[in-house]
Amino acid sequence: ITLTAPSALAVLDLRRDPPRATFGAAPGPFDFQVTMPADTIHRIWLGEVGVRQSMSAGQLKIHGNPLRALSLRPIFENAKGIYPELAAEYGLIPAK
């Protein structure tokens, strides 16, 4: 997952058990790549917008086999459950 504004790179290896995340540069090749502004993933994980809506708006782009990107669905769904609390803790959104 490549984020812009601000830039960040997270490589998720879902072929391992358990899956592994690497932050920063990692050796490829990759099955697919997802690129989006950081604000887009923030809004997706807060439940403000959906993945399909973000793709239709051109904010989320998949490079490679889009069917492989479906493997991210459980990660995105789980993130929605924990991200709002973390975002509030770090001052990204108002605490409830």
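Please refer to the structure higher up on the page.
Described in the following lines is the structure provided in the data block. Since this is a predicted model, take the numbers as computed values, not measurements.

Here the focus is the side chain of Thr 40. Its place among the elements puts Thr 40 in helix α1 (residues 38-45). Its relative accessible area of 5% is what places Thr 40 among the buried residues. Discounting residues that sit within four places of it in the chain, Thr 40 has contacts with Val 49, Ser 54 and Gln 59.

In this section: the packing of α1 against helix α3 (residues 73-89). Two numbers describe how α1 lies on α3: the axes approach to 8 Å, and their chain directions differ by 85°. Taken together, the axes of α1 and α3 lie roughly perpendicular to each other. For the pair formed by α1 and α3, the contact residues are Ile 41, His 42, Ile 44 and Trp 45 on the first element and Phe 76, Ala 79, Lys 80, Tyr 83 and Pro 84 on the second. The residue inventory of the contact of α1 with α3, partitioned by class, reads seven nonpolar, one polar and one charged.

Turning next to α1. Counting buried residues along α1, six of its eight residues qualify, which places the element largely inside the surrounding structure. Three or more residues of α1 are buried, namely Ala 38, Thr 40, Ile 41, His 42, Ile 44 and Trp 45. Taken from the residues just after α1, Gly 47 is the one with a positive phi, measuring 80°.

Among the structural elements, His 42 can be located in helix α1. Look at His 42 and you get buried, because its relative accessible area is 16%. Among all residues touching His 42, those that are not within four sequence positions of it are Tyr 83, Leu 92 and Ile 93.

Before going further, it helps to spend a moment on unusual backbone geometry. Here Ala 5 and Pro 6 are connected by a cis peptide whose omega angle stands at 0°. Within the secondary structure, Pro 6 sits in the loop between β1 (2-4) and β2 (8-13). A cis amide bond links Asp 17 to the next residue, Pro 18, at an omega of 5°. Of note in the backbone geometry, Ala 5 takes a positive phi value of approximately 55° without being a glycine. Relative to the helices and strands, Ala 5 is located in the loop between β1 and β2.

Each value, and the rule that gives it
- Residues numbered from 1 in each chain as written.
- Predicted model: local features only at pLDDT ≥ 70, side-chain atom pairs only at ≥ 80, totals over all residues.
- Heavy atoms only, no water.
- Helix = DSSP H or I, 4+ residues; strand = E, 2+ residues; numbered from the N terminus.
- Buried < 20%, exposed > 50% of the residue type's maximum accessible area, 1.4 Å probe, protein only.
- Contact = heavy atoms within 4.5 Å.
- Axes fitted to C-alpha atoms, helices over the stretch in contact; angles between N-to-C directions.
- Parallel < 35°, antiparallel > 145°, perpendicular 65-115°, else oblique.
- Nonpolar A, V, L, I, M, F, W, Y, C, P; charged D, E, K, R; others polar.

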